Amino acid sequence: MDFNMKKLASDAGVFFSRAMQFTEEKLGQAEKTELDAHFENLLARADSTKNWTEKILRQTEVLLQPNPSARVEEFLYEKLDRKVPSRVTNGELLAQYMTEAANDFGPGTPYGKTLIKVGETQRRLGAAEREFIHSASINFLTPLRNFLEGDWRTISKERRILQNRRLDLDACKARLKKAKAAEAKAAAVPDFQETRPRNYVLSASASALWSDEVEKAEHELRLTQTEFDRQAEVTRLLLEGISSTHVNHLRCLHEFVESQTNYYAQCYQYMLDLQKQLGRFSGTFIGSPDSTASPAAATSPPAVSAATVPTVPTIPVVPTVVGVPNTLAEGVLNPNEVKPPASGTRKARVLYDYEAADSTELALLADEMITVYSLPGMDPDWLIGERGNQKGKVPVTYLELLS
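What you see is a predicted model, and the numbers here were worked out from it, not measured in a lab.

K.L.:
Tell me what's going on with the overall build of the protein chain, and back it up with residues and numbers.
P.N.:
Across its full length, the protein chain carries eight helices and five strands. Beginning at the N terminus, the succession of helices and strands in the protein chain can be written as α-α-α-α-α-α-α-α-β-β-β-β-β. Looking at the protein chain as a whole, 28% of its 403 residues are labelled buried. Residue pairs at least 24 apart in sequence account for 71% of intrachain contacts in the protein chain once pairs closer than 6 positions are excluded.

Okay, here's the thing in structure tokens:
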């Protein structure tokens, strides 16, 4: 291998000069060129941006993927430039278990039917989670990671170059200062009373040598100062670009919040639908006989004395009130038979669109105002809603009750 010994020696000399200057600065034995206050503020702002971006990035990754082993696996696949294998979400895995359990217990049984309904909702929740993770990774994590691996690396590189230029500049200043001090000492008037006038000749020769050294040091200082100023300007422009980075991250943050809002809105809607489905069949579980009971249990029990009969709590019976038919207790509502109470009606604002499942319910549109009231014996999760001549049951969770 062909080495350029001259360049190698020059690089070694520069490295030694920088190391000596840095050490003397740390020990307080050498002066240091200070940057202006604005430049120092830009440096502090850039460091703060880098540190907080790293923390936000790491914690967002934890939020999206709580499993540390899975995060390490995704990191390795990304570094190897390979596609990350598809991973089943927790909701999808729970849905799979519930569906298999329903098939084992019997999909026609009440428990099996409920498992299927809940499992389907869990599957939809898992799919929504997968979509949210994908959207957040592209719109939020990727820009943050690109900044740390792209722009910040460029800024760090230019800052290191600026640091070297400053060390070179301060070293040149120190050499010039020493050369001027030696020149002044050599140029001092010699003592002509000495018995050896040869000292005057030596003093004049040394003065000329130090004068050449001063000129050389001044020339090197001018060159080094120019390189330092040029590098400082390049670094300043990069640091001022941090403002554009903040604007870009702000836009990405809005997109992240929008994705998270859509995700939780989907989850909320899915759970409302599930609650509505399970609420319709609540009577099935209350009144259904025990499937494990023996056939003999269905026959009339033998006569027993009153003392041996245990006290069993009974389901309360909804009393008949004026204007409310008995069919309300059975879950059947005829809107034409319902009369609003004399007092107790309230105004409510509809939060979300709602599609009526049957003729006993009232379809709703978001942001409309309706009148609501409750009747004795009604499910607390439902109210009677009126809009003009239309009336029917409406879910409380879709309403914002107004005073």
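K.L.:
Help me get a handle on the packing of helix 2 (residues 37-64) against helix 5 (residues 110-186), residues and values and all.
P.N.:
Between helix 2 and helix 5, the least distance of the axes is 10 Å, while the angle of their chain directions is 150°. One element, helix 2, and the other, helix 5, form an angle in the roughly antiparallel class. Pair helix 2 / helix 5 crosses with left-handed handedness. Across the contact of helix 2 with helix 5, the residue classes break down as 16 nonpolar, four polar and six charged.

K.L.:
Quick one: what's the story with the pattern of salt bridges, residue by residue and with numbers?
P.N.:
In total, this model carries 16 salt bridges according to the counting rule given. Note that Arg349 is salt-bridged to Glu400, the shortest N-O span being 2.7 Å. Within this pair, whereas Arg349 is found in strand 1 (residues 346-350), its partner Glu400 is found in strand 5 (residues 399-402), the two being separated by 51 residues in sequence. By relative accessible area, which is 28% here, Arg349 ends up partly exposed.

K.L.:
A description of the side chain of Glu158 should follow, citing residues and the corresponding values.
P.N.:
Mapped onto the fold, Glu158 is located in helix 5. Within the buried core, Glu158 has no salt-bridge partner, and the shortest N-O distance to an opposite charge, that of Lys157, equals 5.3 Å. Separated by 2.6 Å, the side chains of Glu158 and Gln231 make a polar contact. Those residues in contact with Glu158 that sit more than four places away from it in its chain are Gln231, Val234, Thr235 and Leu238.

K.L.:
Which residues make up the side chain of Thr371, and what values go with them?
P.N.:
Tracing the backbone through its elements, the reader meets Thr371 in strand 2 (residues 369-373). At 3.1 Å, the side chain of Thr371 and the side chain of Lys347 are in polar contact. If we ignore the near neighbours within four places in the chain, the residues touching Thr371 are Thr345, Arg346, Lys347, Ile384, Gly385 and Glu386.

K.L.:
Give me the pairing of strand 4 (residues 390-395): which residues, what numbers.
P.N.:
With six bridges connecting them, strand 3 (residues 382-387) and strand 4 associate as antiparallel partners. Note that in strand 4 the partner of Arg387 across the bridge is Gln390. Between strand 3 and strand 4, which pair antiparallel and follow one another directly, the connecting turn spans two residues, one of which, Gly388, has a positive phi of 65°.

K.L.:
Run through a nonpolar patch on the surface, naming residues and quoting values.
P.N.:
Where nonpolar side chains cluster on the molecular surface, the patch consists of Val72, Phe75 and Leu76 and spans about 290 Å² of accessible area. Inspection of the secondary structure assignment puts Phe75 in helix 3 (residues 68-79). Look at Phe75 and you get partly exposed, because its relative accessible area is 46%.

K.L.:
Any details on the layout of surface pockets? Residues and values, ideally.
P.N.:
Space inside the largest pocket adds up to approximately 1,300 Å³. Forming the walls of the largest pocket are 34 residues, and the residues nearest its centre are Gln65, Glu74, Ser137, Leu141 and Arg145. At the level of elements, helix 2, helix 3 and helix 5 are the ones that each hand at least two residues to the lining of the largest pocket. Tallying contributions element by element places helix 5 first for the lining of the largest pocket, with 12 residues. By residue class, the composition of the lining of the largest pocket is 13 nonpolar, eight polar and 13 charged.

K.L.:
Can you tell me about the packing of aromatic side chains, naming the residues and giving the values?
P.N.:
Under the criterion given, the structure shown has nine aromatic pairs. Look at Phe105 and Tyr111: their rings are 5.4 Å apart centre to centre, the planes differ by 20°, and that puts the pair in the stacked class. The positively charged end of Lys55 is found above the aromatic ring belonging to Trp52, 4.6 Å away from the centroid. The lysine or arginine in question, Lys393, covers the ring of Trp382, its NZ or CZ lying 5.2 Å from the ring centre.

What counts and what doesn't
Residues numbered from 1 in each chain as written. Predicted model: local features only at pLDDT ≥ 70, side-chain atom pairs only at ≥ 80, totals over all residues. Heavy atoms only, no water. Helix = DSSP H or I, 4+ residues; strand = E, 2+ residues; numbered from the N terminus. Buried < 20%, exposed > 50% of the residue type's maximum accessible area, 1.4 Å probe, protein only. Contact = heavy atoms within 4.5 Å. Axes fitted to C-alpha atoms, helices over the stretch in contact; angles between N-to-C directions. Parallel < 35°, antiparallel > 145°, perpendicular 65-115°, else oblique. Left-handed = near helix turned anticlockwise from the far one by under 90°. Nonpolar A, V, L, I, M, F, W, Y, C, P; charged D, E, K, R; others polar. Salt bridge = Lys/Arg side-chain N within 4 Å of Asp/Glu carboxyl O. Lys, Arg positive; Asp, Glu negative; His and termini not counted. Polar contact = N/O pair within 3.5 Å; in protein donor to acceptor, adjacent residues only side chain to side chain. Pairing = 2+ DSSP bridges. Patch = residues over 30% accessible without salt bridge, like charges linked within 9 Å, V, L, I, M, F, W, Y side chains within 5 Å. Areas by Shrake-Rupley, 256 points an atom, 1.4 Å probe, with all protein chains shown as cover. 1 Å grid on protein atoms, 1.4 Å probe; cavity = no way out; pocket = protein on both sides within 12 Å on 5 of 7 lines; lining within 4 Å. Points joined across faces, edges and corners; volume = space filled by probe spheres on them. Phe/Tyr/Trp six-rings, centres within 6.5 Å; stacked < 30°, edge-to-face > 60°. Lys NZ or Arg CZ within 6 Å of the ring centre and 35° of its normal.

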